[in-house]
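Structure assessment
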Number of protein chains: 6
Amino acid sequence: MRKITIVKNYLKHAEGSCMFSLGETKVLCVATVEEKVPPFMEADKKEQGWITAEYSMMPRSCPTRISRKKLQNGRAQEISRLVGRSLRACVDLEKLGKRTITIDCDVIRADGGTRTASINGGFIALVLALKKLQKAKLIDSLPLKGFLGAISVGFVENKMVLDLSAKEDNVADIDMNVVMLDNGDLVEVQGTAEGHTFSRKALDKMLDSAKTGITKIINAQKKSLGKI
Amino acid sequence: MRKITIVKNYLKHAEGSCMFSLGETKVLCVATVEEKVPPFMEADKKEQGWITAEYSMMPRSCPTRISRKKLQNGRAQEISRLVGRSLRACVDLEKLGKRTITIDCDVIRADGGTRTASINGGFIALVLALKKLQKAKLIDSLPLKGFLGAISVGFVENKMVLDLSAKEDNVADIDMNVVMLDNGDLVEVQGTAEGHTFSRKALDKMLDSAKTGITKIINAQKKSLGKI
Amino acid sequence: MRKITIVKNYLKHAEGSCMFSLGETKVLCVATVEEKVPPFMEADKKEQGWITAEYSMMPRSCPTRISRKKLQNGRAQEISRLVGRSLRACVDLEKLGKRTITIDCDVIRADGGTRTASINGGFIALVLALKKLQKAKLIDSLPLKGFLGAISVGFVENKMVLDLSAKEDNVADIDMNVVMLDNGDLVEVQGTAEGHTFSRKALDKMLDSAKTGITKIINAQKKSLGKI
Amino acid sequence: MRKITIVKNYLKHAEGSCMFSLGETKVLCVATVEEKVPPFMEADKKEQGWITAEYSMMPRSCPTRISRKKLQNGRAQEISRLVGRSLRACVDLEKLGKRTITIDCDVIRADGGTRTASINGGFIALVLALKKLQKAKLIDSLPLKGFLGAISVGFVENKMVLDLSAKEDNVADIDMNVVMLDNGDLVEVQGTAEGHTFSRKALDKMLDSAKTGITKIINAQKKSLGKI
Amino acid sequence: MRKITIVKNYLKHAEGSCMFSLGETKVLCVATVEEKVPPFMEADKKEQGWITAEYSMMPRSCPTRISRKKLQNGRAQEISRLVGRSLRACVDLEKLGKRTITIDCDVIRADGGTRTASINGGFIALVLALKKLQKAKLIDSLPLKGFLGAISVGFVENKMVLDLSAKEDNVADIDMNVVMLDNGDLVEVQGTAEGHTFSRKALDKMLDSAKTGITKIINAQKKSLGKI
Amino acid sequence: MRKITIVKNYLKHAEGSCMFSLGETKVLCVATVEEKVPPFMEADKKEQGWITAEYSMMPRSCPTRISRKKLQNGRAQEISRLVGRSLRACVDLEKLGKRTITIDCDVIRADGGTRTASINGGFIALVLALKKLQKAKLIDSLPLKGFLGAISVGFVENKMVLDLSAKEDNVADIDMNVVMLDNGDLVEVQGTAEGHTFSRKALDKMLDSAKTGITKIINAQKKSLGKI
């Protein structure tokens, strides 16, 4: 597994922020708190909050420059939805109150694992924003179900690899992203075999390995954030 | 599990087509063959074909009408990518030759499971198109790795449910989509716990159930398509 | 004239719907009722309802696939406006009350005459929706001025042809679409000579022929809908 | 009928141009010649030219300002198509040769009849551009089938009105646009009864009146252009 | 300096308008008054008005036709912002009251200096609209700080040129636009050296020359508008 | 003047990059070299290169979050054009050869002066990319006319301020951006008086002050880049 680096409060004026690095992958995760909920929630008249995420590559985050018009493509929207869903899974939205936290995940440098780095760094930004709300006495306690970590795992030439780099990802037969709470409960399992297939046995092996990786991630988060 | 209905060759002028129903869910799946590959494949100079999919709800496929401007949203793009990836996994792209098959999946009526219905019906349209290519002697044999089926499975009030309807899906704690070949190999596993989490044990149980469901789907496909 | 097929209530959950076929042309027409009027009517403070239509080809409705981005082109907008205007002409909007009925006309298969099929099928969907409103006691009687039918007529190699197929339409010197009430009053007359011109005499002949065709269309509508 | 004013060569650098006024309605019509044909004609490998038109209101052409984003709406596209089709009907595209003439019709002031003013002024701009091509010996003779004129006619409170102003148009029960060659042959007939219907007899009366009006228009064109 | 022509009230139905020509450059400037302010001003709760401008080329304003899709490009937006800012600088927005004046500047013909012509003509349209407000007793006096003029000045082959034509502009080493009040105070100074640089001395020389030019412009405005 | 910090080669895989900070303002500037020129240059058949820039705020670079859809607004396009023009002014495009260098300037944090920081940091990224080209022997020498620096200067409550922060910028009566070579020659002068005006004397004072500031900027660039 690659080296984890967490720089908390990278943007001092934001409610929560962190520069999260996983090896050469570097994602700026920033939390914005707004005292309103999206229209569809207003319509539902539910007394709860909302957490959403927006993921975007930066134009030169990759070896080849990507045109700004192509940054908000289908892949980016798919990852935005995954990050938002994952972060919502670890928060009690009713206790959050009628407010929205938006997590912007901008990929400064992409070397594989940008979606898991976004979830991991997004969690840090989210917790920092929640702490700020608590400090301002807008919420009593942190409405969290636990720490949340994510990792990718796959098979490259029949060998299992945890936390794939871009180079490994490009040649991987299978690629799985796993999101987990610190109690071991699963939040998301997305196993994809681009041009290949995989057995139940391989799935099990990957899930075991992912658990080990996520434990390391969550330990780094705990070290950075302290008790929550 | 809900009733499966397959109407082959729904659009006689298309290379392959099928109206696929799963209970009240109804998806029109149409295959178009073009004798060219996308620009990114041309650039790679690979001697192989491509399979892609486009998924879209129709404006009044749901109880409430959706504005046409909102049909191509992030969710639709995410499902388009899933359907395309799944169909590519069961085809030998090199044997397909330098041509593109586009599978349009238009949801006439949505009552849960539209993405799995799109994969199941899309597979039928794809095979019909491949058969047409074979008949025209453009390919020697069908470049298929096997039959491909997909099903959703989830937990509703702590009870496992296979093939969720819209009503069940809305209250499900966990929702998993599984794509599998007829030999039992996995193609995609997408487990999502919107606002909840799930244990490894629940995951295993859902995978077992999905296998049973997909077997039924593939049997229906086999009955409709004959030998491939 | 080609064979007319009407499948009422194709989408049971919609307020009104019908699959309308004219030979190989097949259009899904669906009516949605909303208890509000568009902003420009709100501004006018008129106490009346509104009827609007949206026409769209489906990607593989034609022999060649059309990219989804090109479906909402100028031609589609022109036809949407024609269908909406025609349907408004046969309804007493004041009696309809402050509600909007949107008629979605999605062309499943195009073989000429898709705009007239949209008007004919759209009328069925509209009436079914109005009947539903009447049954729910939201309106007293059906606010209709009569049955509404539409047909195309043209000249191919100096020979008049009623209800042109795509093949005929492509070589037609003149193409006219006529919309009429069952009492013979005209609603729309759109005669177009792409690259040609036509005499008053030819116009008269075409109008006579159109009347015969529309009578057949309206008879089929009456058979399907019963008394209105 | 309102006063016709034609200012030829309003933009000296364009291949053809004219400021055409019909009462208070004022449209700037400009012809651009390009030595290429659109992609769909290239694909057809036809040895002929193309004529197309683009119609647009200007933001403050109406009593109320229109936002620039709303200028290119469905109505504008419908009119663009009508103007282009009408102008193509009076030109022999094969004799034009493989070039495209684009007629831009920008409405400086709208007081009813902007689409017919666009056709009338567009014809002048087109002829001027063709004359320039002839002078440059790129074509031998003007590939024209005759003069082309257009006029609107309708019924206001059961009284027929030729060349409707905006005020009249707003209260008209029926509105018809007629495009005709100077030999009396019809090019386009578009009769619309917004919220009303009209009899065959009324149609005939309007066509007779339109002919008188178009004769006056064409006389003004002849006076401005000389022999063609 | 090229000939200045001002045609006041070109569009009689608009609150203020003027066709402003500077040699072959011709811009239609139209003022629209609306009794509301933009959302960002509403949010600020300031009791003042707003002036904004929209600049656009017309498709055939240049020797080569510009596609309508490319008219609202970065350059047009930059000029719109410059015109709006310049006009705001000469008006007391508090005295204007809570209303918005939008100045549309549509370039009929471009031969260099379209942005300065837009400011000069826009000022005339603005004053005419203010006079209308005064006449309607909506404002007591014209809330103006003075007359406003603009001119371009540059160096072509080491020779200073005032009021550059398109031909001169294309070969100019330096291009400066200056906006000034009639008391000599500066409103905007935009000096640009595309591919070149310029000395402080050259800047001073250009500013002196611009002042002379703007004086002539303002004299023409005074002649057209009378006392303000 | 605020503290200048330059982190060279922030993105090791890019041809040139730098994180440029001016007090709390922080801009990531990245150079991408492509061995092709834009279509308009191909059309001109000039044997020279091109330099272009794209400026964008990041969603949470400001105290309030900006929606991603609003990041590419008129202001951003105006600044992109300014940065590109300024950088082109210091390079000999013929000596650069037929290649394009794109400078992406993404504002991580905005506290005033983001456009000047983009020019200053963009210059560093550009030089690093040129050095890489020289090292790869694609160019003989660095095609530079000198160092390039930019600074803002304005008047706040009648007091001149160099290098305005966001707080100062918001209350400034005048705001001027100056771009200069190290030999003192001017590249861009953009003086703007939002709602105010300024005298020639004030302009002169600001230009003097800007020169002092730019000298400091260029000294920092020289320290970071060494000899060029």
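Residues numbered from 1 in each chain as written. Chains lettered and ligands numbered in written order. Predicted model: local features only at pLDDT ≥ 70, side-chain atom pairs only at ≥ 80, totals over all residues. Heavy atoms only, no water.

1. Structural notes on the overall build of chain A
Tallying secondary structure elements over chain A gives six helices and nine strands in all. By the compact-globule yardstick of 17 Å for 228 residues, chain A fits well, its C-alpha radius of gyration being 17 Å. By the burial criterion, 62% of the 228 residues in chain A qualify as buried. Measuring between centres, the 37 positive side-chain charges of chain A sit 5 Å from its 27 negative side-chain charges. (Helix = DSSP H or I, 4+ residues; strand = E, 2+ residues; numbered from the N terminus. Rg over C-alpha atoms; globule rule 2.2 N^0.38 Å. Buried < 20%, exposed > 50% of the residue type's maximum accessible area, 1.4 Å probe, protein only. Lys, Arg positive; Asp, Glu negative; His and termini not counted. Charge placed at Lys NZ, Arg CZ, Asp CG, Glu CD.)

2. Section: the environment of Ala193 of chain D
Among the structural elements, Ala193 of chain D can be located in the loop between β9 (186–192) and α6 (200–225). For Ala193 of chain D, a relative accessible area of 2% corresponds to the buried category. Between the alpha carbons of Ala193 of chain D and Met176 of chain D there is a distance of 8.4 Å; along the sequence they are 17 residues apart. Ignoring sequence-local partners within four residues, the contact set of Ala193 of chain D consists of Ala89, Val187 and Glu188 of chain C together with Asp173, Ile174 and Phe198 of chain D. (Contact = heavy atoms within 4.5 Å.)

3. Brief notes about the interface of chain B and chain A
Facing 30 residues of chain B, the contacting portion of chain A comprises 30 residues. Of the roughly 2900 Å² buried where chain B meets chain A, counting both sides, 44% is carbon and sulfur surface. Looking only at chain B, the three residues that lose the most surface to chain A are Glu78, Leu186 and Arg200 of chain B, adding up to 21% of its buried area. Summed over the shared surface of chain B and chain A, the result is eight salt bridges. Between Arg200 of chain A and Asp208 of chain B there is a salt bridge whose closest N-O contact spans 3.0 Å. For the pair chain B and chain A, the interface holds 16 residue pairs in polar contact (both at pLDDT 80 or more). (Buried area = accessible area lost by both parts, 1.4 Å probe. Salt bridge = Lys/Arg side-chain N within 4 Å of Asp/Glu carboxyl O. Polar contact = N/O pair within 3.5 Å; in protein donor to acceptor, adjacent residues only side chain to side chain.)

4. Here's the deal with helix α4 (residues 114–135) of chain D
In this model α4 of chain D runs 31 Å from its N-terminal to its C-terminal C-alpha over 22 residues, within 8% of the 32 Å that 1.5 Å per residue would give. Once α4 of chain D ends, the next one or two residues include Lys137 of chain D, with phi positive near 60°. (Expected span 1.5 Å × (residues − 1).)

5. Topic: the relation of the copies chain D and chain C
It takes a turn of 180° to lay chain D on chain C, together with a shift of 0.0 Å along the axis; the resulting RMSD is 0.0 Å. Taken together, the rotation angle and the small translation identify this as a two-fold axis. Of the C-alpha atoms belonging to chain D, the one lying closest to the rotation axis is found on Gln190 of chain D, 2.2 Å away. (Least-squares fit on C-alpha atoms with pLDDT ≥ 70 in both.)

6. Some points on the side chain of Arg88 of chain D
Among the structural elements, Arg88 of chain D can be located in helix α2 (residues 74–89). Ignoring anything within four residues of it in the chain, the contact list for Arg88 of chain D reads Glu194 of chain C together with Trp50, Ile51, Thr52 and Leu93 of chain D.

7. A few points about the relation of the copies chain B and chain A
Once chain B is rotated about the relating axis by 180° and shifted along it by 0.0 Å, it coincides with chain A to within an RMSD of 0.0 Å. Here 100% of the contact residues of chain B are again contact residues in chain A; the copies associate through an equivalent surface.

8. Overview of the pattern of salt bridges
The tally for this structure, following the rule as stated, stands at 101 salt bridges over all chains. A salt bridge links Arg60 of chain C to Glu15 of chain B; the shortest N-O distance between them is 2.7 Å. On the criterion of chain membership, the pair formed by Arg60 of chain C in the loop between β4 (50–57) and α2 (74–89) and Glu15 of chain B in the loop between β1 (4–8) and β2 (16–22) is interchain, its members lying in two chains. Here Glu42 of chain C and Lys98 of chain C are joined by a salt bridge, their closest N and O atoms 3.5 Å apart. You can see Glu42 of chain C sitting in helix α1 (residues 39–44) and its partner Lys98 of chain C sitting in the loop between α3 (93–96) and β5 (100–109), a full 56 residues away along the chain. The exposure class assigned to Glu42 of chain C is partly exposed, which follows from its relative accessible area of 40%. Given the relative accessible area of 33%, Lys98 of chain C is considered partly exposed. A cluster of three or more residues bridged by salt bridges with shared partners is formed by Glu54, Asp104 and Asp106 of chain A together with Arg65 and Arg68 of chain F.

9. So, the interface of chain D and chain C
Many analyses report the size of an interface as the accessible area lost when the parts associate. With 30 residues of chain D at the contact, the number on the chain C side is 30 residues. Its largest share of buried area at the contact with chain C, chain D owes to Glu78, Leu186 and Arg200 of chain D, together 20% of the area lost on that side. Across the chain D-chain C interface, the total number found is eight salt bridges. Where chain D touches chain C, the interface holds 16 residue pairs in polar contact (both at pLDDT 80 or more). Elements that contribute at least two residues to the side of chain D that touches chain C include exactly α2, β9 and α6 of chain D. Tallied by class, residues from the side of chain D that touches chain C come to nine nonpolar, nine polar and 12 charged. (Nonpolar A, V, L, I, M, F, W, Y, C, P; charged D, E, K, R; others polar.)

10. What about the environment of Ala129 of chain E?
All names here are of chain E. Tracing the sequence through the fold places Ala129 in helix α4 (residues 114–135). You can call Ala129 buried: its relative accessible area is 0%. Taking the C-alpha atoms as reference points, Ala129 and Phe198, 69 residues apart in sequence, are found 40 Å from one another. Those residues within four positions of Ala129 in sequence are excluded, and the remaining contacts are Glu15, Gly16, Ala31 and Val33.

11. What to know about α6 of chain D
In this model, α6 of chain D (26 residues) spans 36 Å end to end at C-alpha, consistent with the 38 Å of a helix rising 1.5 Å per residue. Directly after α6 of chain D, the chain includes Gly226 of chain D, whose backbone phi takes a positive value near 75°.

12. Remarks on the sheet that holds strand β9 (residues 186–192) of chain C
In a beta sheet, neighbouring strands are held together by backbone hydrogen bonds and run either parallel or antiparallel to one another. The sheet built from eight strands is open, its strands ordered β7(C)-β6(C)-β8(C)-β9(C)-β9(D)-β8(D)-β6(D)-β7(D) with antiparallel pairing. Each edge of the open sheet carries a strand with a single partner, namely β7 (159–162) of chain C together with β7 (159–162) of chain D. Averaged over all pairs of adjacent strands, the angle between strand axes in this sheet comes to 15°, irrespective of strand direction. Summarising the sheet, strand β6 (residues 148–156) of chain C and strand β8 (residues 174–181) of chain C pair through eight bridges and their orientation is antiparallel. Each bridged residue has a counterpart across the sheet, and for Ala150 of chain C the counterpart in β8 of chain C is Val179 of chain C. Where helix α6 (residues 200–225) of chain C meets the sheet, its contacts fall on β6, β7, β8 and β9 of chain C together with β9 of chain D, and the angle it forms with β6 of chain C comes to roughly 140°. Contacts between α4 of chain D and the sheet are confined to β6 (148–156) and β8 (174–181) of chain D, with β6 of chain D contributing the most and set at about 165° to the helix. (Pairing = 2+ DSSP bridges. Axes fitted to C-alpha atoms, helices over the stretch in contact; angles between N-to-C directions.)

13. Thoughts on the packing of aromatic side chains
Residue and element names in this part refer to chain A. Counted according to the given criterion, the structure contains 12 aromatic pairs over all chains. With a centroid separation of 5.1 Å and an interplanar angle of 85°, the aromatic rings of Phe40 and Trp50 are classed as edge-to-face. With Phe40 in helix α1 (residues 39–44) and Trp50 in strand β4 (residues 50–57), this pair connects stretches of sequence that are 10 residues apart. (Phe/Tyr/Trp six-rings, centres within 6.5 Å; stacked < 30°, edge-to-face > 60°.)

14. Focus: the pairing of strand β9 (residues 186–192) of chain F
When you tally the buried positions in β9 of chain F, you get seven out of seven residues, the bulk of the element. As judged from the five bridges shared by strand β9 (residues 186–192) of chain E and β9 of chain F, these two strands associate in the antiparallel manner. Considered in β9 of chain F, the bridge of Thr192 of chain E is made with Glu188 of chain F. Relative to β9 of chain F, strand β8 (residues 174–181) of chain F is paired through six bridges, and the arrangement is antiparallel. Each bridged residue has a counterpart across the sheet, and for Val178 of chain F the counterpart in β9 of chain F is Val189 of chain F. Between β8 of chain F and β9 of chain F, which pair antiparallel and follow one another directly, the connecting turn spans four residues, one of which, Gly184 of chain F, has a positive phi of 90°.

15. Brief notes about the sheet that holds β9 of chain F
The eight strands lie next to each other as β7(E)-β6(E)-β8(E)-β9(E)-β9(F)-β8(F)-β6(F)-β7(F), forming an open sheet whose pairing is antiparallel. Sheet topology places β7 (159–162) of chain E together with β7 (159–162) of chain F at the edges, where each strand pairs with a single neighbour. Neighbour-to-neighbour, the strand axes of this sheet turn through a mean angle of 15°, independent of strand direction. Docked against the sheet, α4 of chain E engages β6 (148–156) and β8 (174–181) of chain E, running at close to 165° with respect to β6 of chain E. Along the sheet, helix α2 (residues 74–89) of chain F contacts β9 of chain E together with β6 (148–156), β8 and β9 of chain F; its crossing angle with β9 of chain F, the most-contacted strand, is approximately 155°.

16. Quick look at the state of the cysteines
Residues and elements named next belong to chain A. Tallying each qualifying case throughout the model produces zero disulfides over all chains. Cysteine Cys62 is unpaired, with the sulfur of Cys105 as its nearest cysteine sulfur at 16 Å. Using a relative accessible area of 0% as the deciding quantity, one classes Cys105 as buried. (Disulfide = S-S within 2.5 Å.)

17. Description of the arrangement of the chains
A minimum C-alpha distance of 15 Å separates chain A and chain C, which share no contact. The closest approach of any C-alpha atom in chain B to one in chain E is 20 Å; the two make no contact.

18. Side note on the packing of helix α2 (residues 74–89) of chain A against helix α2 (residues 74–89) of chain B
Look at α2 of chain A against α2 of chain B: their axes get within 8 Å of each other, and the N-to-C directions meet at 110°. The pairing of α2 of chain A with α2 of chain B is recorded here as roughly perpendicular in orientation. Contacts between α2 of chain A and α2 of chain B involve Gly74, Arg75, Gln77, Glu78, Arg81 and Arg85 of chain A from the first element and Gly74, Arg75, Gln77, Glu78, Arg81 and Arg85 of chain B from the second. A per-class count over the contact of α2 of chain A with α2 of chain B returns no nonpolar, four polar and eight charged. (Parallel < 35°, antiparallel > 145°, perpendicular 65-115°, else oblique.)

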